[in-house]
Amino acid sequence: MKTYMKHPVLALLLALSIVEAQNPIRGFPPEQAAAERELESKARDIPQSERIRTYLERMSAKPHHAGSPGSKAVADYATALMREWGLDAKQETFEALLPYPTARGLEMTSPVYYKAKLQEPAISEDKDSGESGQLPTFNAYSASGDVTAQLVYANYGLPEDYELLKKHGVDVKGKIVITRYGGGWRGIKPKIAQEMGAVGCLIYSDPKEDGYYRGDVYPKGAFRPAQGVQRGSVMDMPVEVGDPLTPGWASEKGAKRISREESKVLMKIPVMPISYGDAEPLLRALNGPVVPEPWRGALPVTYHMGPGPATVHMKTDFDWTNKPLNDVITIIPGSVYKDQWVIYGNHHDAWVNGASDPLSGASSLLETARTLAMLMKQGWKPKRTIVLALWDGEEFGLVGSTEWVEKHQAELDQKAVFYMNSDSNGRGRIGAQGSHGLEQFVAEVLRDLQDPEKGKSLLELTRNRGNKESGFHLGALGAGSDYVAFIDHVGISSLNLGFGGESSGGVYHSIYDTFNWFTTYSDKDLTYGRMLSQVTTTILLRLADAPVLPYQFLDLAKTVKGYVEEIQKDFPNTDVKEINAQLGRVYAAAKMYDEDLAMLVKKAAGASPDKLAKLNQTLYRSERALTLPQGLPGRDWYKHELYAPGLLTGYGAKTLPGVREASEAGKTDEANGQAKMVSKALRNYANQVEEADRLLRSMD
């Protein structure tokens, strides 16, 4: 030991070799894994919380909603930073339908008169809350409308809520419904309301979920004040995302566009978000049945269903114009496999100042970019190409990322190895959702990183269910952020990451999501912004340089088996025999591949670049095999057979969506037909894994 202490490099190599023996890195032989760990150790020392704080303060200083000069200014700032660090950054511009409000009105005309304020007041303690250029409170892609009708309270506005209204004899046809945020994605609320015959929809933030019931309101505390409003899109995202007028192709200047009437995703009734301050007088004026306890919020009123006697007049109108989107794209060319792309993105547009959503994540991405630039100056070159993206237009409906994917779809289909997404970031444990072929890879990364405050590995802190070896399980991807086009439309293995759970509050999509709020009530010193940068940098380094890409197929087989068992239990008439047969093939092929990789990773790593390129392309294209060209029933833009946002859950994922949703609707024949589609995708997947194993063994 004393000898090694005189030779620190030898001591480090010895320590790394011991770590590698105990904790191997999938896809790297031991001798290369030690060098990889050394590189990662250097990389993790580079990110600085103070730099992330600087980016965050600068980008959140002004409102910067999509299509505005403020959004372009943020894109220009990020582009200039990347170039200053020596990276090749550029902007790709699209033109998409981004309607801004031109008329907003809400008044109760009887039994008493009340005119809603529809405005969030600035707070003197937070200068950014009073910045000029703020978008008013509105729901993007609401219909224009001018309606007067009796009011009905519909709780969260979900199907089961309308069933209960019906049981109490309350009909919403021809009425305006008022629903509270929560329970499901906001876009589902007006979608179901219009299907039920309502002529308008109000969505308010009840203080029980999002206000004084949970804690002191801003600025005294973190929660939403009485006139705080949650903006947000009500595009029907479970059907399609991106520009509503260019479904399936890029919304570039001069592109073909369908009419608004032809779009499948625009609401047909007016929709408006309001504060609990404006909602209280409306709810107080309702009669009808008293609602059950689960429907009751925290306002000082008795919650009634209605209808009436409260009658309200609501008016909405919009400019319905196309506006520019500016995606910032930075490419670090691969030194060996230039045509294999590892992609990481976070959006940069916000509803107003957006310190938490999205700039907490975007600032961390910038520090990851600087870290990679520093490594390159020290002599490192990635073997695969790394693409870093800051997307515009996410808030309207994942528009900037979707248009970029649709523009580059053919190239991405051939070259994209992986897409990693982040969004809002805060204090707490890491949350991870993604393609289940990445589960072991993510577990290994989390195993090798320590929480900055708790003295334990990130993996120890995130153990949940599923994988017996690691105690870690990736969640399924729904539709909450910019990964959707990558996984659901093209079939690119995807991952969504972010820290949270220990900082809460109620400023989401409001003027109060500011630098002051974030640094007072969330990740105060940007400790977890730095941690996110360390995690994403480690992931990029491993995927860029792994001789054999670290996909593991057993986890997917086990996870899908669980999905099938759920369907068998809940819907015994759905025939899943073919799915189980193909899962058996996937399981056998995955087990064989794992065994062969353990024996042959060293020889594979020493194979010719051409052989390795072919093996790795077969590995990363395995996710493509899970997509089918005809897509899902009634929403053919969604191609993935294992994951999709639920038609009536929005952000929440539906697994085996074609089978599950047909089964839930009692359409047994359709469910059985969709089961055949899933089995076909799994057969393609098994073929891909078997081919990967054949290529691996051919290197022996």
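Residues numbered from 1 in each chain as written. Predicted model: local features only at pLDDT ≥ 70, side-chain atom pairs only at ≥ 80, totals over all residues. Heavy atoms only, no water.

Caption draft 1: Seen up close, the overall build of the protein chain. Within the protein chain, the regular secondary structure consists of 23 helices and 18 strands. Computed over its C-alpha atoms, the radius of gyration of the protein chain comes to 26 Å, within 12% of the 27 Å expected for a compact globule of 700 residues. In terms of overall dimensions, the protein chain has C-alpha extents of about 85 × 60 × 50 Å along its principal axes. Out of the 700 residues belonging to the protein chain, those deemed buried represent 62%. Expressed as a percentage of contacts within the protein chain between residues at least 6 apart in sequence, the contacts between residues at least 24 apart total 80%. Carbon and sulfur atoms make up 52% of the accessible area of the protein chain, which totals about 25200 Å². Averaging the coordinates of the 81 positive side-chain charges in the protein chain and doing the same for the 88 negative ones gives two points 2 Å apart. (Helix = DSSP H or I, 4+ residues; strand = E, 2+ residues; numbered from the N terminus. Rg over C-alpha atoms; globule rule 2.2 N^0.38 Å. Buried < 20%, exposed > 50% of the residue type's maximum accessible area, 1.4 Å probe, protein only. Contact = heavy atoms within 4.5 Å. Areas by Shrake-Rupley, 256 points an atom, 1.4 Å probe, with all protein chains shown as cover. Lys, Arg positive; Asp, Glu negative; His and termini not counted. Charge placed at Lys NZ, Arg CZ, Asp CG, Glu CD.)

Caption draft 2: Looking closely at the packing of helix α22 (residues 657-664) against helix α23 (residues 668-698). Remark: α22 packs on α23, axes separated minimally by 8 Å, with the N-to-C direction vectors making an angle of 170 degrees. Put simply, α22 runs roughly antiparallel to α23. Across the interface between the two elements, Gly658, Val659, Ala662 and Ser663 of α22 pack against Glu670, Ala671, Gln674, Ala675 and Val678 of α23. By residue class, the composition of the contact of α22 with α23 is five nonpolar, three polar and one charged. (Axes fitted to C-alpha atoms, helices over the stretch in contact; angles between N-to-C directions. Parallel < 35°, antiparallel > 145°, perpendicular 65-115°, else oblique. Nonpolar A, V, L, I, M, F, W, Y, C, P; charged D, E, K, R; others polar.)

Caption draft 3: A look at the pairing of strand β12 (residues 337-347). Counted residue by residue, β12 has nine buried out of 11 residues, so it is predominantly covered. Here β12 pairs with strand β13 (residues 384-391) via eight bridges, running parallel. Across the sheet, Gly345 pairs through a bridge with Ala389, a residue of β13. In this region the chain leaves β12, passes through helix α10 (residues 355-377) and returns to the parallel neighbour β13; the handedness of that crossover is right-handed. (Pairing = 2+ DSSP bridges. Right-handed = clockwise from strand over helix to strand, strands pointing away.)

Caption draft 4: Region of interest: the side chain of Asp327. Within the element layout of this structure, Asp327 appears in strand β11 (residues 322-332). Despite its burial, Asp327 remains without a salt bridge, the nearest opposite charge being carried by Lys407 at 8.8 Å. For Asp327, the side chain forms a polar contact with the main-chain nitrogen of Asp392, separated by 2.9 Å. With sequence-adjacent residues up to four places away left out, Asp327 is seen in contact with Lys90, Gln91, Glu92, Phe94, Leu390, Trp391, Asp392, Gly400, Ser401 and Trp404. (Salt bridge = Lys/Arg side-chain N within 4 Å of Asp/Glu carboxyl O. Polar contact = N/O pair within 3.5 Å; in protein donor to acceptor, adjacent residues only side chain to side chain.)

Caption draft 5: Examining the sheet that holds β12 more closely. If you trace the seven strands from one edge of the open sheet to the other, you get β1-β11-β13-β12-β14-β16-β15, paired in mixed fashion. Looking at which strands have only one partner, the edges of the open sheet turn out to be β1 (88-97) and β15 (428-434). Each strand of the sheet is rotated relative to its neighbour by a mean of 20 degrees, with strand direction disregarded. One ladder, built from seven bridges, connects β15 with strand β16 (residues 494-501); its direction is antiparallel.

Caption draft 6: Representation of the packing of α10 against helix α18 (residues 527-545) in the model. Two numbers describe how α10 lies on α18: the axes approach to 8 Å, and their chain directions differ by 50 degrees. By the angle class used here, α10 and α18 are oblique. The two elements α10 and α18 meet at a crossing, and its hand is right-handed. Along the contact surface, α10 presents Gly361, Ser364, Glu367, Thr368, Thr371, Leu372 and Leu375, while α18 presents Gly529, Leu532, Ser533, Thr536, Thr537, Leu540 and Leu541. In terms of residue class, the contact of α10 with α18 is made up of five nonpolar, eight polar and one charged. (Left-handed = near helix turned anticlockwise from the far one by under 90°.)

Caption draft 7: Quick peek at empty space enclosed by the protein. As enumerated under the stated definition, the model contains two cavities of 30 Å³ or more in all. Computed from the structure, the largest cavity encloses a volume of approximately 50 Å³. Forming the walls of the largest cavity are Asp575, Lys577, Glu578, Ile579, Asn672, Ala675 and Lys676. Mapped onto the lining of the largest cavity, the elements with two or more residues apiece are α20 (577-605) and α23. Partitioned by chemical class, the residues of the lining of the largest cavity number two nonpolar, one polar and four charged. One number sums up the size of the second largest cavity: a volume of about 40 Å³. Around the second largest cavity, the lining residues are Ala350, Trp351, Val352, Asn353, Gly354, Asp357, Glu395, His509, Ser510 and Asp513. (1 Å grid on protein atoms, 1.4 Å probe; cavity = no way out; pocket = protein on both sides within 12 Å on 5 of 7 lines; lining within 4 Å. Points joined across faces, edges and corners; volume = space filled by probe spheres on them.)

Caption draft 8: Region of interest: the confidence of the model for the protein chain. Averaged over every residue, the pLDDT of the protein chain is 95; the share at 70 or more is 96%. Predicted confidence is poor over residues 8-13, with pLDDT under 50, and the contacts of this stretch with residues over four places away or in other chains come to four contacts. (pLDDT = per-residue confidence, 0-100.)

Caption draft 9: Geometry of the sheet that holds strand β10 (residues 311-318). Read from one edge to the other, the open sheet built from seven strands follows the order β3-β2-β10-β5-β6-β7-β9, with strand pairing classed as mixed. Of all the strands in the sheet, the pair left with one neighbour each is β3 (114-115) and β9 (271-274). By the bridge criterion, two bridges tie strand β2 (residues 101-110) to β3 in an arrangement that is antiparallel. Note that in β3 the partner of Glu107 across the bridge is Lys115. Contacting β6 (176-180), β7 (200-204) and β9, helix α7 (residues 188-195) runs over the sheet at an angle of about 150 degrees to β7.

Caption draft 10: Representation of the pattern of salt bridges within the structure. The final tally for this structure, using the stated rule, is 38 salt bridges. Lys407 is paired through a salt bridge with Glu92; the nearest N and O atoms lie 3.3 Å apart. Separated by 315 residues along the polypeptide, Lys407 in helix α12 (residues 399-407) and Glu92 in strand β1 bring together distant segments of the chain. Owing to a relative accessible area of 37%, Lys407 belongs among the partly exposed residues under this scheme. With a relative accessible area of 9%, Glu92 lands in the buried category. Between Arg624 and Asp413 there is a salt bridge, with its nearest N and O atoms 3.4 Å apart. Pair noted here: Arg624 is in the loop between α21 (609-620) and β17 (643-645) and Asp413 is in helix α13 (residues 409-415), with a separation of 211 residues, a long-range link. One continuous salt-bridge network, built from bridges that share partners, spans Arg37, Glu40, Arg44, Arg447, Asp448 and Arg542.

Caption draft 11: Region of interest: α21. End to end, α21 covers 16 Å across 12 residues, agreeing with the expected 16 Å (1.5 Å per residue, within 8%). The complete set of buried residues in α21 reads Leu612, Leu615, Asn616, Thr618, Leu619 and Tyr620. At its buried positions, α21 is contacted by β12, β13, α13, β14 (416-422), α20 and α23. (Expected span 1.5 Å × (residues − 1).)

Caption draft 12: Just the side chain of Gln582, in detail. With respect to the secondary-structure elements, Gln582 resides in helix α20. Judged by relative accessible area, Gln582 falls into the buried class, the value being 12%. What Gln582 contacts, discounting residues up to four positions off in sequence, is Ser679, Leu682 and Arg683.

Caption draft 13: A look at α18. An ideal rise of 1.5 Å per residue puts 27 Å on 19 residues; α18 measures up with 27 Å between its terminal C-alpha atoms. Within α18, 18 of the 19 residues are buried, which leaves it mostly tucked inside the rest of the structure.

Caption draft 14: The arrangement of the layout of surface pockets in detail. Size it by volume and the largest pocket reaches roughly 1000 Å³. Lining the largest pocket are 43 residues; nearest its centre among them are Ser356, Asp357, Asp423, Ser424 and Tyr508. Only α8 (207-210), α10, α11 (394-397), β15 and β16 provide two or more residues apiece to the lining of the largest pocket. The element contributing the most residues to the lining of the largest pocket is β16, with six residues.

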